[in-house]
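Per-entry structural report
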Amino acid sequence: MGRKLDLMGRKEVLEKMDVFEAQDAQLRQEVESKDRLIFTGPADWTPEQAEQYIDWRIHLVDADVAKLRQQLDDLTAMRRRWLAVTGGRSKVLGNGNGSGNGHDPEGV
């Protein structure tokens, strides 16, 4: 008996879910028809739309420039730390003998 009631309860819930899904689908269609965007080419833009587009593009470029400046600042700071630690010597130009002065005593 308990199992039958449990199944009946589930059936009612599922039926209500179907009703809600149908209402949700109908609401989505109404919203989509109201919010439909029409894309036009730049020749069809009003001066205000063109100005908004230009401002948006400037904003994107400014954001990219800010990112690049931050990367440059980070790399510059890292390079300064490296130069401070190594005393200005480059790790690429070493001769491999560990003396660090760049002079090869065997090549004299």
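A few points on the structure.

Reading the values: the criteria
Residues numbered from 1 in each chain as written. Predicted model: local features only at pLDDT ≥ 70, side-chain atom pairs only at ≥ 80, totals over all residues. Heavy atoms only, no water. Helix = DSSP H or I, 4+ residues; strand = E, 2+ residues; numbered from the N terminus. Buried < 20%, exposed > 50% of the residue type's maximum accessible area, 1.4 Å probe, protein only. Areas by Shrake-Rupley, 256 points an atom, 1.4 Å probe, with all protein chains shown as cover. Patch = residues over 30% accessible without salt bridge, like charges linked within 9 Å, V, L, I, M, F, W, Y side chains within 5 Å. Salt bridge = Lys/Arg side-chain N within 4 Å of Asp/Glu carboxyl O. Phe/Tyr/Trp six-rings, centres within 6.5 Å; stacked < 30°, edge-to-face > 60°.

As a further point, take the overall build of the chain. When helices and strands are counted, the chain shows two helices and zero strands. Sorting the 108 residues of the chain into buried and exposed places 1% on the buried side. Taken as a whole, the chain presents about 10,500 Å² of accessible surface, with 58% of it coming from carbon and sulfur.

Before going further, it helps to spend a moment on a nonpolar patch on the surface. On the surface, Tyr53, Ile54, Trp56, Ile58 and Leu60 cluster together into a nonpolar patch covering about 470 Å² of accessible area. You can see Trp56 is positioned in helix H2 (residues 47–86). You can call Trp56 partly exposed: its relative accessible area is 46%.

Another aspect to go through is the environment of Pro42. Looking at the secondary structure, you find Pro42 in the loop between helix H1 (2–34) and H2. A residue is classified by how much of its surface remains accessible, and Pro42, at 61% relative accessible area, is exposed.

The final tally for this structure, using the stated rule, is two aromatic pairs. Centre to centre, the rings of Trp45 and Tyr53 are 4.9 Å apart; their planes meet at 50 degrees, and the pair counts as tilted. Seen in terms of ring centroids, Tyr53 and Trp56 are 5.9 Å apart; in terms of plane orientation they differ by 45 degrees. Their pairing is tilted. Note that Tyr53 and Trp56 are positioned in helix H2 at a spacing of three residues, about one turn of the helix. One aromatic cluster is present, formed by Trp45, Tyr53 and Trp56 through successive ring pairs.

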